[in-house]
Every structure is written in structure tokens, then in C-alpha cells.
Amino acid sequence: MRSSAWFVARCALILSTLRMTEGAEGQQQCSETEYYYEYTECDSTGSRWRVAIPQRPGTCAGLPEPVRGTECTFSCKAGEFLEMSAQECTQCAAGSYSLGSGIRFDQWDSMPTGFSTMATSLGSDPHRDAQLTCNSSSWVPQGNYLESNRDECTVSLIYAVHLKKQGSVSFEYQYPDNNLAFEFFIQNDQCQEMDQSADTKWLKLTNHGEWATHTVNLKSGTNILYWRTGGVLETKVVKPVLLKNIQIEGVAYTSECFPCKPGTFSRVPGSSTCEPCPRDTHSGHGASSCTACNTTTQFAEEGSAACKKRPPCSKKDYFQIHTACDLEGKTQVIYKWIEPKICLEGVPGAETLPQSGDREPCPPCNPGFYNNDTATCSPCPPGTYSDGMKPCQRCPAGTEPILGYEYKWWNVLPSNMKTSCFNVGNSKCDKMNGWEVAGEYIHSGAGSSDNDYLILNIHVLGFKLPTSVSSQSVTEFGRITFEFETVCTTDCELYFMMDVNRTSTTVVQSWEKTNKRQTYTHVMTKNASVSYTWAFQRTNQPSDVRWYVNDVARIYSITVTNALDGVSSSCRACALSTQPSSSACVPCPPGHYIDALSSKCTECPRNTYLVPHATAGPDACTPCGPASKSDKDHRHCYSDCHFTHTDGNVTLTFDFSSLGSVVSLMNSPKFTSKGTKYFHVFNISLCGEQGQLAVCTDNVTDLSISGARGEKGEGPSAVRSFVCQSTIIPASGRGFHTALSSQSINLADTFLGATVDDNIAGIKAKPELFPQNSKKVPDVNFFYRSLEATSSCESGRSAVVTLRCNPYKSTNGELSVPSQCSEGTCDGCTFDFLWESSGACPTCTERDYHLIEGVCKGGHQDMLYVWTEPKLCIGGVALPEKRTVACEGMEYWVRLGAGIGTFTAVLLVFLTCYFWKKNKRLEYKYSRLVMSANRECEMPVADSCAVMEGENEGDMEDEVVYTKPSLLGKLKAIASKGNGEKYENVQLNSSQSKALVWS
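The name given to the chain in an unreviewed UniProt entry is Endosome-lysosome associated apoptosis and autophagy regulator family member 2a, with Kryptolebias marmoratus as the source organism. UniProt, in the comment section headed Subcellular location (unreviewed entry), describes the chain in these words: "Cell membrane". UniProt's Sequence similarities (unreviewed entry) comment on the chain is quoted here verbatim: "Belongs to the ELAPOR family."

Applying the stated rule across the entire model yields 42 aromatic pairs. A centroid spacing of 6.2 Å and a plane angle of 55° characterise the contact between Phe 171 and Tyr 173, whose relative ring orientation is tilted. For the pair shown, Phe 171 and Tyr 173 are each scored as buried. By way of ring pairs, the aromatic residues Phe 105, Trp 108, Phe 115, Trp 139, Tyr 159, Phe 171, Tyr 173, Tyr 175, Phe 182, Phe 184 and Trp 227 are connected into one cluster.

We now examine the sheet that holds strand 13 (residues 180-187). The strand order 8-11-15-13 describes an open sheet built from 4 strands, whose pairing is antiparallel. This sheet does not close on itself; its edge strands, each paired only once, are strand 8 (115-119) and strand 13. Here the average twist between neighbouring strands, direction ignored, is 20°. Across 5 bridges, strand 8 lies against strand 11 (residues 154-163) in antiparallel orientation. Within strand 11, the position partnered with Phe 115 by the bridge is Tyr 159.

Further remarks concern unusual backbone geometry. With omega at -5°, the peptide bond leading from Glu 869 into Pro 870 counts as cis. Structurally, Pro 870 is set in the loop between strand 69 (860-867) and strand 70 (883-886). Located in the positive-phi region is Ala 761, a residue other than glycine, with phi close to 50°. In this fold, Ala 761 is placed in the loop between strand 62 (759-760) and strand 63 (763-764).

Turning to the sheet that holds strand 70, a few remarks are in order. Ordered by their spatial adjacency, 3 strands build an open sheet running 68-69-70, and the pairing between neighbours is antiparallel. The open sheet terminates on both sides in strands that have one partner only, identified here as strand 68 (849-857) and strand 70. Averaged over neighbouring strand pairs, the angle between their axes works out to 25° when direction is ignored. With 7 bridges connecting them, strand 68 and strand 69 associate as antiparallel partners. Bridging across to strand 69, Glu 853 finds its partner in Met 863.

What follows covers the environment of Ile 852. Locating Ile 852 in the fold gives a position in strand 68. Look at Ile 852 and you get partly exposed, because its relative accessible area is 41%. Spatially, the C-alpha atom of Ile 852 lies 6.2 Å from that of Met 863, the residues being 11 residues apart in sequence. Contact partners of Ile 852, with chain neighbours within four places excluded, come to Asp 862, Met 863, Leu 864 and Val 866.

Tallying each qualifying case throughout the model produces 23 disulfides. With a sulfur-sulfur separation of 1.9 Å, Cys 805 is cross-linked through a disulfide to Cys 841. Its torsion about the S-S bond being 85°, the disulfide of Cys 805 and Cys 841 is classed as right-handed. Of this pair, Cys 805 sits in strand 65 (residues 798-805) while Cys 841 sits in the loop between strand 67 (830-837) and strand 68; the two residues are 36 residues apart in sequence, bridging distant segments of the chain. Paired through a disulfide, Cys 856 and Cys 887 show a sulfur-sulfur distance of 1.6 Å. A torsion of 90° about the S-S bond marks the disulfide between Cys 856 and Cys 887 as right-handed. With Cys 856 in strand 68 and Cys 887 in the loop between strand 70 and helix 4 (890-936), this pair connects stretches of sequence that are 31 residues apart. Take Cys 856: its relative accessible area is 29%, and that puts it in the partly exposed class.

What counts and what doesn't
Residues numbered from 1 in each chain as written. Predicted model: local features only at pLDDT ≥ 70, side-chain atom pairs only at ≥ 80, totals over all residues. Heavy atoms only, no water. UniProt positions renumbered as here; feature names shortened; annotations may be inferred. Phe/Tyr/Trp six-rings, centres within 6.5 Å; stacked < 30°, edge-to-face > 60°. Buried < 20%, exposed > 50% of the residue type's maximum accessible area, 1.4 Å probe, protein only. Pairing = 2+ DSSP bridges. Helix = DSSP H or I, 4+ residues; strand = E, 2+ residues; numbered from the N terminus. Axes fitted to C-alpha atoms, helices over the stretch in contact; angles between N-to-C directions. Contact = heavy atoms within 4.5 Å. Disulfide = S-S within 2.5 Å.

This is how it looks when you write it as C-alpha cells:
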């Protein structure tokens, strides 16, 4: 409802009333009860008129004439109202109150006049199931406060007010859950949002059970106020925003006082507030005093509107505690009624208080404390230590005390811990203990109702590192570890929260329903004052009774290391000064460990990192994983973007420098049951030093964080790691002016190594999630881990980034998640990513190209080098330039072949003729020899003959001499016979006598 429209309608009503009055002749005169006064709209001079308006137009005549009214800026003081007949300020009567120029809304039994709620429609499908829409989402009055919606719908609470002068609006709120977005903004009568800083628009988180006050200045004129909430995602039951005591200053006047609401009263006239009725009293609407209850059979809480009947006492009306140790060192279990006691004893069905238990020996003191013979445990003096069972003693030379807290015995609540109970609608809880000690553990108390917040808090002033590492740049200043369990029959929940430097409380982890006994550790990464809080709630449904009193949370031990205000339970070795005769501990340089034998600082070996708070000795330095190196301070290991793999006699060298910058992956959109679209965004830093980590930032509770600040991780909820995840809700889908980023989580902050194998340190890659077509180049797996345990991942989360050579992708490549697991993980703990890129290919070598020889043209030939396809490499050696070499063409070889052929043919003809002629001569000589032998001696036919070179035919007359063949000659003869020759060797000798000799 807009104020300007209201004034227009009011003016029209006034004019119509005046016309009816003029025409109402003969009607009876109006009495004072039949009309009321109103002011007209202010004119340009700041003046206005007071006119009388009948309660029922046309029923009477003779209304008072209009008179000039008070100035438009006129207002009364608090406790007064403007009496319109006399136009003077008059005190409010007892039982009522007034703010003067303001209005207050503090009663929420129903939605006050002027307030409206509006839910943002998430879809336009008319066939959508009504249960899946936001029609049923709204702000709900709960008596003392308003409660927002708990679902993902965006719901606005709207109120319009017209101010005659500048004013303000203030309200109290509870905003404990960052899974709900909560903003407050103002529009003018043109529906234009007024200028407003982010600090006043986006509300800060509050502690569980804590009310915060928010005040914003208002301009004169029409102001439309919006309180808007919306669940980030429908992932769990969220805690609603609670709103109460809305007060607006700057209205022109108050024409009547507001009656006190039931349960409150104002005893004197002129009151500006109403007081709550004391306990065991009650009051009705507009009361000036409270009426006492019959305390014998009735009771009433503070601020009650009626008395209630006292029920018979039951087991839910008392609780047990352990008494403090007495002078004899004994304790016992006793039972006490819950105060204030509202039940009746001695009536049928009433329970009696059980008898106290036997006296038992007190447990020993906690480590760092000692028994000073006064039945109490006292902290050891500075510089001394104790295990809790022995007197305090000083640390030996070469050691220093280890500061911290280690609570494992619960006879009394430690001095630096507090416990409380809180419930928005039940003040009885405020005076009860939230937790009770029980010897071996501390457990949640009974509370006054099942939806109480039972709160346990420990405050640490800061952290002090051991002397040996005080000069080093560390990422862990301390840690808190606690062992706990929950036993529940309903939807109970245990919250573990943290408040750094008293800025705002954030939920670190929560556990729902029953949880087995387990240990949780949280690391403190900055040196600051911090409060750790445990809050247990049996059910989040409104309740004023206790049905689930046996649902309980137990904490067995709490340990805080390096606490500035802590005590010492043991000593640790420290590095000694090099000065002679000095036993003072000195800090070690970064990356140095303490040598146990010499008590000197020794630098860790190359490519090892120093384990924080490890024992003295070389084992404090842990080797980095494969293909990783340590930074110069040996704080952590990282990949330098280079990797080498050898298979047989082939070595592949990879350079992932082009993939070293932070990349983001946004998976496909998803929709909740009510239609809200959201994305999961992963930021990944593959390689490089720690300064290049990925950053994920929440802006749900602080949308004033700029993009630059978010990228630098400067926001209060920023997460910096190698792999992190955020949930993004587009601005268009929720009605907000910017996209919402929430639920940022650290997936991996430690680099374990890179390898082609599928397993490192128990983390397994799953090749079946990303089938590979070609195995010429192996996939390279980068393994990461986060040691931060969660309720579902007791060993912490882990991530595997698989790099695959794909020459058809760009250098930046394409990042993807398994098609079977679109959330990036199949088990909720290990996240798998595939990064296909040409930048993931090995560097090129001589093996990756080959030579192609061109044809010889004109005595020249081109020698061309080309890459072997497909090209599975990048960078490295360059392809050799094309070169041209001299060559002999085909004509030369044809001519050469023809010449050689001609020469060979001529030679063959010559040799043929030569041997033919020589053979003829041998035949002639042989025939002459045979003829000569037959004529003279009738010699047998010679097997063979020989004519010496140079003999002529006239010499054939010489004598023939036969000799006896030698052994070699016989062998030759046999060989000749094997060839078909049937003649013997005959020697012709012309220089001897012609005698014939036979052998």
C-alpha cells in the first residue's frame, strides 16, 4: 500500500463528505462520536487544514467547519499524542504508550495493518504443482517476533510509510544461517531503489540466540521498506531469520496512543514504553498493572498474558550434576529441580527427586594443571608443566613448554569456558546451564524446551608459536581438536562455530541426528582472538515442552594448541643459541629443523617440506611427491609446470606452463524442486607456487565484496586452495541485483605429486571415467588433497586433475567432469577432472618429424621436413627449414646408361671374335698334332695339345715327349674326365731330340 495513494483516496473522501453535508438538509446534527478529524495534504507553504469526517457518510449533518491545522512538521514528544479536537499534545493514559513522532511494531500475534508479504514466482508454468511453487512461502507472525521462510523462495516483507521530515527505521533481528540470503532496502514511490551502502543493505550474521540491531536513515516523503530473504539452495533445513521491534521515526504526528500488548503494562500516564509483567503475574490488553497468579497451583513466565496450571513433576523436570571436589577429593552425582520450578510434588503421578549418588574419587587434574591441596586444580606457573597428576616442574635445558589447553576431565567447567541456554520465545531458558559436566565428559543440559540452543563457548586470546618456528612464515598457528558424539531420536543438530576478533560468527561444521564417537580438527590459519562455540538443538520446530530430554550431545575432550593464554602439559626440544654458555631457545630460520643431537638448526634437504610442529630430527622434513618441488622456505610442495616421463628408450618432456593460470569450470545448470537454477563452479590452480592459488568467495552475507577483492581472497569467507568449489545462483533467477555465490568449500590445498600412474598416497584416479582413444601419449594425473575432515569425508577431500594431450584443442583446452558424475565426484569425497588441451602434449623432438625428398628438377632437389601426423607435441625443437641440394637429373643417367651399354656391347663383340679366332687356331694345331703322331709312331689320339704363344706352323715338326704325370696332374686329369674331356696333356719340346719316350 502506497502512502500517496492513501492520501489521494482520503482527499476524495473529504470532498465527497462535504458535498453530502451540504445536501443533507433536515438531518439531525452529528455528535462527537459520529465523526473524527483528519488533516488534509500539506500545501506548498507547509500548511494544512483540519476537517471532520463522518463515521458513516449521510447519517448526520452539521459537521464542524474546517479550521487551519498545525504545521506539517509538528510532532509531540514521546509519551504524548496529538489530540485533534484541541490540536494539542496530550499525555497517553496509563496502559498505553506513544513514541511521539514515531511508531513501533512489537506485537506479532498477527500481521499488523500496513504490512504485506510477497513471494517471488520462480516459474511461469501454470501446470506446476502447487507444492513446488512459492505461494505458501511468507513471513509468519510468532507472537513476539516474525519468522521468515525456510525454503529457497525469495519472500519480501513490505511496509510503506510517509515521513514529513527525515527520520530512521530500526529493528532487531537474528540471522544465524548463511544458507539464507537476507537484505534490507528502501524504494521511493516510483519503485526506484534509493541510494544505500552495502553495509546497510546486506545484514551481517549473528550468533545463535543473539539479537542484533540495524538502523537506517530515511528521507522525507514516501519510503517503501523491504525485508527480503531467500534460501540459497534447498540442501538442508535452514535457520530462519527472526525480526522484532520495528520502530520508525519521522512521522508527522501520532493521533492516538498504542495500548500495551498482553503480558506488559504501563503504570503511569505519559509512558513511551510498556514493561513486561514479572514472573507469576499476567496482564491483558492495555493493562496499567499486572495481576498475580495463584502460585500454589499456577505459574506464569515473565511477560505472560495468562497464568498456566502447574503440572505434576516428571523426570523431565530435574537434572543431574557432579559436585565439585571436596577437601577429601571426593565428588558425587546429585539431582536438582530445573529452576524456576513449575511442577507440583505430592500429587498423583508426580515424580520425586532421586537420591544423590555415592561419593567417588575425583578425576585427576587436566594436563597443565596441578592439585594444590585445596581440592581444586590450579594452572601451572609460566615456564613449568604438568601432566595433571604430578606437581609442576620446569622444562629441561634445550626444551621449552608447549602452550595450549587439553581438557579431558570434566569435574568443573574450566575458567575460560562458558555455558548458556537461549530460546527466542522462552525466557526461562536464559537462567539455565546449557551444558553440564559429568566427570569423563561434558554433555548438553536439560533446557527448558526442545528447541532451546544449548551453548558451550571457549575463548582463546590468540596464538603463540613455539620459539623455534616463531620467525617462519607458517600457515598453521594452532588447531582445535575435540572428541564428541550425539545420541538423538529426532532431528537434533550440533553446530561448531567460530568468531574471529568478535566480528561475526560462522558455522564451521554441523552434525545432524545420531553420530558415533569421533574426532574433529579445525586448523587456525591466522593469529587472532577467536571464540569457539558448540550449540546443540534437539529440534528446530517451535516447542515449549521437553519431549526429547534424552537426546544428548557429549564432548569427551577439547584440545587447543599454541594458545596464547594456555598452560603447558609437556616440553619440546628447541634450538639453542650459538653463544657460549647460553641455554636460551632461539628461532630457526624458515625451512630448518632442530637437530636432536646438537640442538642446532639444520636446513631441510632439497625438495622436502617441514611438517608443522613436528618432533625434532630429520624426520620433520618430508619428501615432496613425484614431479614436485618445495619452495625456498620448505613450507609446501608444488609443481613447476614441468613433467618428464620415460618409457623404455623414449623420454617425453611436458611443459604445462600454458595451463598454469587459474581456470574455472561451470558445470551444466541444475534446478531445485522449486525451480531455482544454480551452477557449481570449480576454480583450479594446476601448478605454480602458493601465491597462484585459486580463490572461491561467498557473497551471501556480504555482497559488498568486489570482484577484485574476491579474486584476491580478501573476503571474510574466502577460500584459497589448489581446487575449490562455489555454488552460483544467477541474479535473474532470484530477483537479486547480483549473482549469489555461496557454499565455498576447499577441495584440495595440498599438492601430492604428478605421475602417469593411477595412485598416489591412497588417492586413486579412475581412468574408466575418461576413456582414452589413443595411448601414444599417456595421461598425466595431478593429485591433490585437503586434510580438513568433514562429517562425510573423515580423511578429507581429494582431487585428481587428468591432463590429456589433444592436438585439436586450443592451448587453454577444455575442462570437464565425468559424464557419469556431473557434480564432479561420484562418492562425495574424491573429485575427478579431465583437462584436454594441446598444451598437455609433450614438447617436440627430432622423433616427431620426418624428411620428404622432392623431385630433381634442373639439377636441384628440395629437402622438406614435415611433422608426423597426428602431431602429438607442442613447442620444443622447431621444424628444420626447407633446403635445396644439387642433384643429377634423369637425362644424365640415361646418357650414362646408354654409353655404358654401348661400350659393353662393343667389348662383348670384340671378345667373341677374339676367342673364336683363337679357338680355330687351337683346332688347327690339334689336328696337325694328331696327323703327325699317326704317321710316325702310330700314337694314340692325344687327349689335348697346347701350342705356346708365338709358335708358327713350321715348328710343328718338333719331337713329342711324353712324361709321367705327377699327382697334381692326375687330379687335374680326373677333373677333366669328370667334365667329359678324354685327352691327356702332351708337352711339345722342339729343343730336344726326336726320341719318343713312354711313361
